[in-house]
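Letter by letter, the chains look like this.
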Amino acid sequence: LIRINSQSGKGGIAWVLEQDFGIEVPKAMQPELSTFVQAYSESVGREISSEEVYTVFQNEFVSPEGPYELIGYWPRPDDADPTFIHGEVKVKVKGEENTVVADGNGPISAFVNAVRQVVEIDFSVDDYHEEAIGKGADAQAQAYVPLKLAGNGVIYGVGADSNIDQAAVRAIVAGLNRIAKQ
């Protein structure tokens, strides 16, 4: 039995998400997640259920409200060098639809290079963590992407999709929305 309240530690919160939902939160992200869960527990004034922990995780890291909405991303390998990617991104910024294109040495770098053209945030993606949620052919990919800010801060975004590249770009958009809320 794990009880989650405003005093719960990051390890207990991460354990609940792993045991009940198969979500393995990266250690570097656990302190920030813990802050949100503790604040929620404090606001409702009671112990909270694992479903409420999951809802906080979803609302804060997977689908935070903000000015950016991904409409679609189409990475295409170069005809001569399939490791070189051409990316086309359709994204709404403050309700206005934008289509931007850029290249990169992979699908994530092409996406970052494209989206930098329309966001007002100076960020980079150095690495990210992926996992499968579920088993077999129906498993969903979940990506945890730390966005490194020019001022040395790091903000995590989380994305899920049946395609790992799409999960990663959704995580980047979630992270950008989280930054915009600050």
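Further up the page is the structure itself.
Residues numbered from 1 in each chain as written. Predicted model: local features only at pLDDT ≥ 70, side-chain atom pairs only at ≥ 80, totals over all residues. Heavy atoms only, no water.

Here we look at the overall build of the protein
Part 1 of the reasoning: The secondary structure content of the protein amounts to 5 helices and 7 strands.
Part 2 of the reasoning: The helix and strand sequence of the protein, counted from the amino end, reads α-α-α-β-β-β-α-β-β-β-β-α.
Part 3 of the reasoning: A compact globule built from 182 residues should have a C-alpha radius of gyration of about 16 Å, and the protein, at 17 Å, falls within 12% of that.
Part 4 of the reasoning: With the C-alpha coordinates aligned to their principal axes, the bounding extent of the protein is approximately 55 × 40 × 30 Å. (Helix = DSSP H or I, 4+ residues; strand = E, 2+ residues; numbered from the N terminus. Rg over C-alpha atoms; globule rule 2.2 N^0.38 Å.)

Let's talk about unusual backbone geometry
Part 1 of the reasoning: Phi is positive for Lys 94, close to 55°, though the residue is something other than glycine.
Part 2 of the reasoning: Within the fold, Lys 94 resides in the loop between β2 (85-93) and β3 (96-104).
Part 3 of the reasoning: Overall, the relative accessible area of 62% leaves Lys 94 in the exposed class. (Buried < 20%, exposed > 50% of the residue type's maximum accessible area, 1.4 Å probe, protein only.)

Examining the nonpolar core
Part 1 of the reasoning: Val 89, Phe 111, Phe 123, Ile 172 and Leu 176 are the most contacted members of the largest nonpolar core, which totals 33 residues.
Part 2 of the reasoning: For this core, the secondary structure elements donating two or more residues are β1 (68-77), β2, β3, α4 (107-115), β6 (140-149) and α5 (164-181).
Part 3 of the reasoning: With residues near it in sequence (within four places) discarded, Leu 176 still touches Tyr 68, Val 119, Ile 121, Phe 123 and Leu 147.
Part 4 of the reasoning: Ranked by size, the runner-up nonpolar core spans 16 residues in total, among them Leu 17, Ile 48, Val 53 and Tyr 156. (Core = buried A, V, L, I, M, F, W, Y, C linked by side-chain atoms within 4.5 Å. Contact = heavy atoms within 4.5 Å.)

With respect to α5
Part 1 of the reasoning: Over its 18 residues, α5 runs 26 Å from end to end, which matches the ideal 26 Å to within 8%, given 1.5 Å per residue.
Part 2 of the reasoning: With 13 of 18 residues buried, α5 lies mostly within the body of the structure.
Part 3 of the reasoning: N-capping of α5 is provided by Asn 163, with a side-chain oxygen placed 2.8 Å from the backbone N of Asp 165. (Expected span 1.5 Å × (residues − 1). Polar contact = N/O pair within 3.5 Å; in protein donor to acceptor, adjacent residues only side chain to side chain.)

Observations concerning helix α2 (residues 30-44)
Part 1 of the reasoning: For α2, which comprises 15 residues, the first-to-last C-alpha distance of 21 Å matches the rise-based estimate of 21 Å (1.5 Å per residue) to within 8%.
Part 2 of the reasoning: Within the span of α2, buried status applies to Gln 30, Leu 33, Ser 34, Val 37 and Ser 41. One side of α2 carries all its buried residues, which in axial view fall inside an arc of 100°. Residues of α2 that are exposed and point over 90 degrees away from its buried face: Glu 42 and Ser 43. (Arc of directions from axis to C-beta.)

Structural notes on the sheet that holds β1
Part 1 of the reasoning: Here we have 3 strands laid out as an open sheet, ordered β1-β2-β3, and antiparallel in their pairing. Each end of this open sheet is capped by a strand with a single partner; those strands are β1 and β3. Taking each pair of neighbouring strands and ignoring which way they run, the sheet shows an average axis angle of 15°.
Part 2 of the reasoning: By the bridge criterion, 9 bridges tie β2 to β3 in an arrangement that is antiparallel. Bridge assignment links Val 93 to a residue of β3, and that residue is Glu 96.
Part 3 of the reasoning: α4 contacts β1, β2 and β3 of the sheet and is inclined by roughly 135° relative to β3. (Pairing = 2+ DSSP bridges. Axes fitted to C-alpha atoms, helices over the stretch in contact; angles between N-to-C directions.)

A look at the packing of helix α3 (residues 50-62) against α5
In a pair of packed helices, the angle between the axes and the distance between the axes together describe the arrangement.
Part 1 of the reasoning: Relative to each other, α3 and α5 sit at 85°, their axes nearing to 8 Å. Put simply, α3 runs roughly perpendicular to α5. Packed against α3, whose contacting residues are Glu 60, Phe 61 and Val 62, the element α5 presents Ala 174, Arg 178 and Lys 181 at the interface.
Part 2 of the reasoning: Partitioned by chemical class, the residues of the contact of α3 with α5 number 3 nonpolar, no polar and 3 charged. (Parallel < 35°, antiparallel > 145°, perpendicular 65-115°, else oblique. Nonpolar A, V, L, I, M, F, W, Y, C, P; charged D, E, K, R; others polar.)

Remarks on the environment of Val 145
Part 1 of the reasoning: In this fold, Val 145 is placed in strand β6.
Part 2 of the reasoning: Taking relative accessible area as the criterion, Val 145 reaches 1% and is therefore assigned buried.
Part 3 of the reasoning: Excluding residues within four positions of it along the chain, Val 145 makes contact with Val 125, Tyr 128, Ile 155, Tyr 156, Gly 157, Ala 168, Ala 171 and Ile 172.

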